[in-house]
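Okay, here's what each chain looks like letter by letter:
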Amino acid sequence: MKGKLLVIGFGPGSEEHITDRAKKALQESDMIIGYKTYVELIERLLDGQEIISTGMTEEVTRAQEAVRQAELGKKVAVISSGDAGVYGMAGLVYEVLVEKGWKQDTGVEVEVIPGISAINSCASLLGAPVMHDACTISLSDHLTPWRLIEQRIEAAAQADFVIALYNPMSGRRTRQIVEAQRILLKYRSPETPVGLVKSAYRDRQSITRTTLEDMMNHEIGMLTTVLIGNSSTFFYDDLMITPRGYQRKYTLRQKEQPLKPHQRLKKEAEPWALEQVVVGTSSREIADEALQLILGESNQPKEYIQQPIQSIFEVSVSPGVANKKFTPKQMITLAEIVGDEGSMEYTQDHHIKLQVPTSNPDLVVSELEEVGFLLAPVGEVLTLKACDFCEGEKKDSIPYAEALQARLGGMDLPKEMKIGFNGCGMACFGAVREDIGIVFRKGAFDLFLGGKTIGRNAHSGQIVAEGISPDEIVELVERIVQEYKEKGHPNERFHKFFKRVKKVCGFEFQDVSPSLKIELAPCGD
Ligand code: SAH
């Protein structure tokens, strides 16, 4: 009979946080080998297995004994707290096997069973401190030269990693954590949030929230994990939270970009992607620099690294509702405001979308307004797309377009919405294709609802009324938009909404989409 080694990470310590596989593996075993304290933690899960428990430092003995017993044909469980592959027994068991020339095919079977490591269990008790690029560093210099540990702390601090310090202190080892704090303070603010979690998910669990400056005024011991925040980690209502990125976009009348579920899959919403640029430096460059430090090519820390949240102000501008002509002064102002750091993009709806890194949006707004731009927020908002009224020749309906812009332009909605507004029956700017189409003709307005602008099944809106009196048009359109705002589902475009509710402001839905069945082609297909 061939034996088997089951290398088991049993998680932080509570029964609920042991995986099912780990429990079953313990029960499958003939023998349990582990550090005394750990054996006690899982003893209640056993049913008569032979137990070999040793002192903490006798890890090599444990691994050798486990291999010997397995070679004798036993199923041996080797236990580690947390995950066996994180400063645990897994590597050591393999090292002993390798020394003996063991091979997977011919030797005893080995199964490593994953567990929840302290970085994860401790983080969960503090809130969400890890979240972004993070690393673990063990401060134990028992098997690792202190010089290397120091270099790693230095590199991690410099690259703004969230850091989980394992083995921060023991009865004899008290100097390392003080040194670690000193190095970290070279790169991070004294106010950097720090969480100390002792005995996570065990009887004597304790959680302390402190700062980098103050951390040594609290108890830190062998059973503590020290979690150091990055430069954007914050405390909120006793929770330690690290934002998912270093950028927050915001637009007119808004302080911050609300998180929207569908945006999270885009590359620009994934700041940890290697190619992503964080304040002028890509994550890859930061990583390369850290690597160089570790390799010793450049031991000198370059500069104090702080990664403040970068605020990017987004706004869209156009020369006006009816006016489609930019002045040279306006173009110069745009170029100056956008500079090398920002961007400007011409959009489908006759606007230029600006992204300007600034924490002073008011100044940007006033500069843009001074040269006569019409400003609109960016996002799931209402945009009015008017024609140029034949360069002002057909100007009778312009005041209504302006009134609609003033009342509804930039309104927050379940999904972006466009109102097309054309000043004569030619409707040459394509008003009838928009979500709401308004066409001025013979002194009155025609109204189209539910156009589908995009897709292979695009279609114009359904004409719901002709000859609406100018006194009524603005108020009527406002009521339609309000109804959509109140009853539309998040992310539901107006044409879908109209189809679902069947009636908007008394106008009945009729299916005007092409009757021919065509294959839908989502993005990328
Ligand atoms: N294999 C373990 C780590 C062993 S090293 C794991 O993956 O979690 C021992 C260190 O782990 C301790 O000094 C402490 O820093 C951390 N640790 C392990 N269990 C912990 C717990 N329940 N609460 C807090 N820290 C813990």
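Residues numbered from 1 in each chain as written. Predicted model: local features only at pLDDT ≥ 70, side-chain atom pairs only at ≥ 80, totals over all residues. Heavy atoms only, no water.

Brief notes about the packing of helix H11 (residues 398-408) against helix H12 (residues 470-487)
Right, on to step 1. With their axes 10 Å apart at the nearest point, H11 and H12 run at an angle of 30° to one another. Classified by the angle between their axes, H11 and H12 sit roughly parallel to one another. Taken as a pair, H11 and H12 cross one another with a handedness that is right-handed. For the pair H11 and H12, the contacting residues are Tyr400, Ala403, Leu404, Arg407 and Leu408 in the first and Pro470, Ile473, Val474, Val477, Glu478 and Val481 in the second.
Right, on to step 2. Looking at side-chain class alone, the contact of H11 with H12 contains nine nonpolar, no polar and two charged residues. (Axes fitted to C-alpha atoms, helices over the stretch in contact; angles between N-to-C directions. Helix = DSSP H or I, 4+ residues; strand = E, 2+ residues; numbered from the N terminus. Parallel < 35°, antiparallel > 145°, perpendicular 65-115°, else oblique. Left-handed = near helix turned anticlockwise from the far one by under 90°. Contact = heavy atoms within 4.5 Å. Nonpolar A, V, L, I, M, F, W, Y, C, P; charged D, E, K, R; others polar.)

Topic: the packing of aromatic side chains
Right, on to step 1. Evaluation of the coordinates by the stated rule reveals 14 aromatic pairs.
Right, on to step 2. Centroid distance Tyr94 to Trp102: 5.8 Å. Interplanar angle 55°. Geometry classified as tilted.
Right, on to step 3. Centre to centre, the rings of Phe498 and Phe509 are 5.3 Å apart; their planes meet at 85°, and the pair counts as edge-to-face. Of this pair, Phe498 sits in helix H13 (residues 494-501) while Phe509 is found in the segment after strand E27 (507-508), placing the two residues 11 residues apart along the sequence. (Phe/Tyr/Trp six-rings, centres within 6.5 Å; stacked < 30°, edge-to-face > 60°.)

Considerations on helix H1 (residues 20-28)
Along an α-helix, a turn takes 3.6 residues, which lines up residues three or four apart on a common side.
Right, on to step 1. Taken residue by residue, H1 has Ala22, Ala25 and Leu26 as its buried positions. The buried residues of H1 occupy an angular sector of 100° when the element is viewed end-on, so they sit on one face.
Right, on to step 2. On its buried face, H1 sits against strand E1 (4-9), strand E2 (31-35), helix H2 (36-42), strand E4 (75-80) and strand E5 (109-113). (Buried < 20%, exposed > 50% of the residue type's maximum accessible area, 1.4 Å probe, protein only. Arc of directions from axis to C-beta.)

Looking at the confidence of the model for the protein
Right, on to step 1. When pLDDT is averaged along the protein, the result is 89, and 90% of the positions lie at 70 or above.
Right, on to step 2. Counting contacts from residues 261-266, a segment whose pLDDT is below 50, to residues more than four positions away or on other chains yields 11 contacts. (pLDDT = per-residue confidence, 0-100.)

Some words on the sheet that holds strand E24 (residues 444-449)
Within a beta sheet, neighbouring strands are joined by backbone hydrogen bonds and run either parallel or antiparallel to one another.
Right, on to step 1. On the basis of which strands lie adjacent, the open sheet formed by five strands has the order E21-E22-E23-E24-E25 and mixed pairing. With partners counted over all chains shown, the strands left at the sheet margins are strand E21 (382-386) and strand E25 (462-468), one partner each. For this sheet, the mean inter-axis angle between neighbouring strands, taken without regard to orientation, is 15°. (Pairing = 2+ DSSP bridges.)

Focus on the pattern of salt bridges
Right, on to step 1. Enumeration over the complete set of coordinates arrives at 26 salt bridges.
Right, on to step 2. Close ionic contact of Glu391 with Lys325 constitutes a salt bridge, the shortest N to O distance being 3.2 Å. One end of the pair, Glu391, is in the loop between E21 and H11; the other, Lys325, is in the loop between strand E17 (310-318) and helix H9 (328-338), with 66 residues separating them in the sequence. Each member of the pair, Glu391 together with Lys325, is exposed.
Right, on to step 3. As a salt-bridge pair, Lys487 and Glu483 come within 3.8 Å of each other at their nearest N and O atoms. (Salt bridge = Lys/Arg side-chain N within 4 Å of Asp/Glu carboxyl O.)

A few points about the site of the ligand
Right, on to step 1. Near the ligand, the surroundings consist of 20 residues, among which Val86, Ser117, Met222, Thr224 and Thr225 are the closest.
Right, on to step 2. Backbone polar atom of Pro12 to a nitrogen atom of the ligand: 3.3 Å apart, as the coordinates give it.
Right, on to step 3. Between the ligand and Ala200 there is a distance of 2.8 Å, counted from a nitrogen atom to a backbone nitrogen or oxygen.
Right, on to step 4. Here the ligand, which alone exposes 540 Å², has 95% of that area covered by the protein.
Right, on to step 5. Of all the elements in the fold, those that place two or more residues in the shell around the ligand are helix H5 (118-126) and strand E11 (224-228).
Right, on to step 6. Residue composition of the shell around the ligand, by class: 11 nonpolar, seven polar and two charged. (Near = heavy atom within 4 Å. Polar contact = N/O pair within 3.5 Å; in protein donor to acceptor, adjacent residues only side chain to side chain. Areas by Shrake-Rupley, 256 points an atom, 1.4 Å probe, with all protein chains shown as cover.)

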